[in-house]
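So you can see what is in the structure, the chains are spelled out below.
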Amino acid sequence: MPKLNLNRVEMPRQEPKKRGKNFQEVAMGYTPGMAKEEALRCIQCPKRPCMTGCPVMVDIPDFVKALSEGNLPEAVKALKRKNALPGICGRVCPQETQCEAVCTLAKKGAPVAIGRLERFVADWERTSKPETSPAPETPPAPPSGKKVAVVGSGPAGLTAAADLAKLGHAVTMFEALHVPGGVLMYGIPEFRLPKEIVRNEVDYVASLGVDIRLDSVVGKLATLDELLGDGFHAVFLGTGAGLPMFMNIPGENLNGIYSANEFLTRVNLMKAYLFPQYDTPVKIGKKVSVIGAGNVAMDSARCALRLGAEEVNIVYRRSREEMPARKEELENAEEEGIEFKLLTNPKRFIGNDKNWVTALECYQMELGEPDASGRRRPVVKPGSEFIMETDVVIVALGTTPNPLIAQTSKGLETTHHGTVVADEVTGRTKKPGVWAGGDIVTGAATVISAMGAGKRAAADIDKYLRS
Amino acid sequence: MYKILEREDLTSNVHAYRIEAPAVARKARPGQFVVIRVDENGERIPLTIADWDEQEGSVTVAVQEVGTTTHRLAELKTGDAIANFVGPLGLPTEIEHYGTVVCVAGGFAVAVVYPIARALRQAGNKVISILGARNKSLLFWEDELRSVSDELIVTTDDGSYGRKGLVTEPLKELISVDKKVDRVIAIGPSIMMKFCALTSKPFGVKTVVSLNPIMVDGTGMCGCCRVSVGGVTRFACVDGPDFDGHQVDWDLLLARQRTYIDEEKLSFEQWLQKHAAAVK
Ligand SMILES: Cc1cc2nc3c(=O)[nH]c(=O)nc-3n(C[C@H](O)[C@H](O)[C@H](O)COP(=O)(O)OP(=O)(O)OC[C@H]3O[C@@H](n4cnc5c(N)ncnc54)[C@H](O)[C@@H]3O)c2cc1C
Ligand SMILES: Cc1cc2nc3c(=O)[nH]c(=O)nc-3n(C[C@H](O)[C@H](O)[C@H](O)COP(=O)(O)OP(=O)(O)OC[C@H]3O[C@@H](n4cnc5c(N)ncnc54)[C@H](O)[C@@H]3O)c2cc1C
Ligand code: SF4
Ligand code: SF4
Ligand code: FES
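Only a predicted model underlies this, so the values are computations on that prediction, with no experimental measurement involved. (Residues numbered from 1 in each chain as written. Chains lettered and ligands numbered in written order. Predicted model: local features only at pLDDT ≥ 70, side-chain atom pairs only at ≥ 80, totals over all residues. Heavy atoms only, no water.)

Trainee: Residues and numbers for the overall build of chain A, please.
Mentor: Along its length, chain A carries 17 helices and 16 strands. For 467 residues, the compact-globule formula gives about 23 Å, and the C-alpha radius of gyration of chain A, at 23 Å, lands near that figure. Expressed as a percentage of the 467 residues in chain A, the buried residues total 57%. In chain A, the proportion of contacts linking residues at least 24 apart, taken out of those at least 6 apart, comes to 69%. Accessible surface, chain A: about 19,600 Å² in total, of which carbon and sulfur atoms supply 54%. Seen as two clouds, the 59 positive and the 56 negative side-chain charges of chain A have centres 2 Å apart. (Helix = DSSP H or I, 4+ residues; strand = E, 2+ residues; numbered from the N terminus. Rg over C-alpha atoms; globule rule 2.2 N^0.38 Å. Buried < 20%, exposed > 50% of the residue type's maximum accessible area, 1.4 Å probe, protein only. Contact = heavy atoms within 4.5 Å. Areas by Shrake-Rupley, 256 points an atom, 1.4 Å probe, with all protein chains shown as cover. Lys, Arg positive; Asp, Glu negative; His and termini not counted. Charge placed at Lys NZ, Arg CZ, Asp CG, Glu CD.)

Structure representation (structure tokens):
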């Protein structure tokens, strides 16, 4: 057996001091030399364990091998066989809990940097000239004469639309916002996922013949039954989990208290970071408090910092171990100077006579017995209340699906969490002719799982349309 | 892009735009609104649907110039286009046979009250409308509103037309003297709606108001539009915009509407400079 190389090639990143002041991408990507060096570390395990960690089963050893041989067109081909959006997944997949977690080299603490390699290959394809890109593997199927409505243009909708179009169906994609891409556009900030990459993927989907209708709120403009009666043979719902949760504690409607959705939408989608060149404002706090510790909280905190906040605190009721954010993003946030107030939970918000938030009153917490999620449950330390000054608060406690469509259509079963009930494999809902996938079914999850659901639903819709 | 089929100046600073939006026109109902964006750099702002024509595929909005976006809109003419036009959003105004309904319209809101009064009349109600403005030059659509009302009372703050005074005075008379009012619908500036609600509250006459908090998406996704009604937080864009005026926390609404006054001022000053340069 050849000697294992356990030196994972680091990816260059912008200096923390500098990047804390701009919205440019933090991670700068491998050079061709670095990519090849990292790819050569893969030992091409015959059993391909890494693939089982990927929700869409990317042929990891194949694309890594092609890359290690310097055959980039072949690497693109192998990668895109299973993943239509590698430039996005390479950047935002939680690789450390998916593909890289089960890489053989992970046992030695140095898994192959699959995500970074994926990103490198995708970026190479995007920036190299079209004539060097490989031709699509399979030509599009002849028109089937069937019409499908895809609702929502996030990763689930984009994937389903692309697959259905390739299979020869006429696809119309309805998007409520004025920009397609879902959370990829309005939620995840530029410094983690440049919007040009998302636009590129959307253009690709449009190039397949998908008719993208923006400014179109399904449920308002047309109900599901109206779509089905209006010539659509099937509907795929990929409307995500966009309804923000609040804490329901006193003072939550004070000025300066945002849901993460509102804050990130103002900053990313409406480009408030370029105000007043762009018309949409956002409050730039001096002392910003972000409640929660998931990816959404990290993104909010790091946006607030980049807008010019002097101090940004993450307020989280559990301890470091339980934080749901990706490790890499947590470290990035820490390096940039975000502070963590752990085992801390707000009791109420305090405001001034102009209704502006001025402080949080918090409890100190301690960890008790494990709860249903297996994590130790935080409990209030009696008499531990203390005051934390703040002038902007961002509540990032999670989201649930928007009830708009379920409310306006009969026969769509939902759970008490508001998620739509759909078959795990096929995405079929209880309503005939309607499929669903992504965050609308699972609740807030990941880009790659939403894509996987879109893919599986597209395959099942195709089967249904042809039977 | 959504084409402006016609722009009409209703007063010196209120303009009506008939906009090509066939899909919205097919579904519009009284009391619903749209969210528009003028261009790529623009903010998303909500505007109530004033009228629609399914045949023509058009929706009309009436807009009062207040800040950057509404002034940018005022620069556009018939034949121009705006970047985005989303709707119909929010729940329609409840229209039933109530008996006698008083519709109060403050300022530019006459355009919003008009389709509601029309629908109420069609549902068999006796409609008494009160139209109020600061002065005569700010009044428009008086005849339109009269044509869908059994009775119309016009007030101006300075007495330059109609009755001198605020809309709350005839409202109070109608409720207290006639005592036959079954419902009040009051739409206009928040402060006017607040005082209409305060006027009718002692008499227990249900008063519906159309709330206008700051919004972003208008689909329930951001929570920017939260208002407190009966002590419960509601999202005005999906749970409203109509609410029971007696239950609304008006002070909270008024305070939240002022969230960005510093930024709005800065943005508007910048617009004024650009505009002045362009006019030169
Ligand atoms: C700030 C943030 C950071 C994240 N970071 C990561 C990360 O690092 N890695 C990761 O894997 N995942 C991350 N996620 C999660 C990930 O983005 C989501 O799981 C994923 O986007 C879900 O995809 P989706 O297609 O189901 O829905 P979405 O991306 O939510 O897209 C749904 C689309 O449907 C539209 N829509 C909603 N209702 C209607 C309607 N009635 N009519 C028409 N259109 C409608 C919405 O406007 C939206 O565009 C993050 C999420 C957020 C919010
Ligand atoms: C449901 C609803 C229906 C409305 N219908 C109409 C209408 O039919 N005609 C009309 O002229 N106006 C209407 N408005 C008010 C209109 O949206 C504001 O006048 C407009 O947004 C002001 O934008 P601006 O940039 O010109 O002014 P700015 O200087 O930005 O703001 C002036 C004031 O308008 C309010 N405002 C600012 N931004 C928003 C926003 N994004 N959403 C809501 N309010 C905001 C604030 O209270 C602010 O202080 C409605 C508002 C709501 C919520
Ligand atoms: S798509 Fe995500 S999980 Fe799958 S191989 Fe790529 S980075 Fe790993
Ligand atoms: S498990 Fe790791 S080393 Fe093995 S083939 Fe996959 S990427 Fe290469
Ligand atoms: S405007 Fe965003 S939730 Fe109402």
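Text resumes after the structure shown.
Trainee: If you had to explain unusual backbone geometry to someone new, which residues and values would you point to?
Mentor: The amide bond that connects Phe275 of chain A to the next residue, Pro276 of chain A, takes the cis arrangement and shows omega of 5°. Note that Pro276 of chain A resides in the loop between helix 12 (260-269) and strand 7 (287-291). For the bond running from Gly240 of chain B to Pro241 of chain B, omega is 15°, close enough to zero to count as cis. Here the phi dihedral of Gln44 of chain A falls at roughly 55°; this positive angle occurs in a residue that is not glycine. Structurally, Gln44 of chain A can be placed in the loop between helix 2 (32-39) and helix 3 (49-52). Looking at Gln44 of chain A, the relative accessible area reads 29%, which means it is partly exposed. We note that Asn355 of chain A has phi near 70°; this positive angle belongs to a residue other than glycine.

Trainee: Please provide a residue-by-residue account of the packing of aromatic side chains, values included.
Mentor: Residue and element names in this part refer to chain B. For the structure on display, the rule yields 10 aromatic pairs over all chains. Note on Tyr2 and Phe85: the rings are 6.0 Å apart at their centroids and 40° apart in plane angle, and the pair reads as tilted. Here the residue Tyr2 occupies a position in strand 1 (residues 2-9), and Phe85 occupies one in strand 7 (residues 84-89), the gap between them amounting to 83 residues. For the residue pair Tyr2 and Phe85, the accessibility class agrees, reading buried in each case. Between Phe268 and Trp271 the ring centres are 5.8 Å apart and the planes differ by 10°, which places this aromatic pair in the stacked class. Here Phe268 and its partner Trp271 are both found in helix 9 (residues 261-279), three residues apart, which amounts to about one turn of the helix. Residue Phe268 is classed as partly exposed on the basis of its relative accessible area, which comes to 21%. (Phe/Tyr/Trp six-rings, centres within 6.5 Å; stacked < 30°, edge-to-face > 60°.)

Trainee: An account of the interface of chain B and chain A is needed here, citing residue identities and associated values.
Mentor: On the chain A side, the residues contacting the 46 residues of chain B number 41 residues. Summed over both sides, the interface of chain B with chain A buries roughly 3,500 Å², with 52% coming from carbon and sulfur. Ranking the residues of chain B by area buried against chain A places Met221, Arg226 and Tyr260 of chain B at the top, with a combined share of 19%. The interface formed by chain B and chain A includes three salt bridges. Between Glu263 of chain B and Lys283 of chain A there is a salt bridge, with the nearest N and O atoms lying 2.9 Å from each other. Put simply, chain B and chain A have 23 residue pairs in polar contact (both at pLDDT 80 or more) between them. At the level of elements, helix 1 (22-27), helix 2 (68-74), strand 7, strand 15 (232-235), helix 8 (250-257) and helix 9 of chain B are the ones that each hand at least two residues to the side of chain B that touches chain A. The biggest single contributor to the side of chain B that touches chain A is strand 7 of chain B, with six residues. The class makeup of the residues in the side of chain B that touches chain A is 20 nonpolar, 15 polar and 11 charged. (Buried area = accessible area lost by both parts, 1.4 Å probe. Salt bridge = Lys/Arg side-chain N within 4 Å of Asp/Glu carboxyl O. Polar contact = N/O pair within 3.5 Å; in protein donor to acceptor, adjacent residues only side chain to side chain. Nonpolar A, V, L, I, M, F, W, Y, C, P; charged D, E, K, R; others polar.)

Trainee: A description of the pattern of salt bridges should follow, citing residues and the corresponding values.
Mentor: All names here are of chain A. A complete count under the given rule lists 55 salt bridges over all chains for this structure. Here Asp123 ties to Arg126 by a salt bridge, and the two come within 2.9 Å at their closest N and O atoms. Of the two residues, Asp123 and Arg126 both sit in helix 7 (residues 114-127), three residues apart, roughly one turn of that helix. Here Asp123 falls in the buried class, since its relative accessible area comes to 15%. Looking at Arg126, the relative accessible area reads 24%, which means it is partly exposed. Arg192 is the partner of Asp299 in a salt bridge, and the nearest nitrogen-oxygen pair spans 2.7 Å. Placement of the pair is Asp299 in helix 13 (residues 295-307) and Arg192 in the loop between helix 9 (183-186) and helix 10 (195-207), with a sequence separation of 107 residues.

Trainee: Can you explain helix 2 of chain A? Please cite residues and give values.
Mentor: Residue and element names in this part refer to chain A. The set of residues buried in helix 2 consists of Ala35, Glu38 and Ala39. The buried residues of helix 2 occupy an angular sector of 100° when projected down its axis, which confines them to one face. In the core, the buried residues of helix 2 are packed alongside helix 4 (60-68) and helix 7. (Arc of directions from axis to C-beta.)

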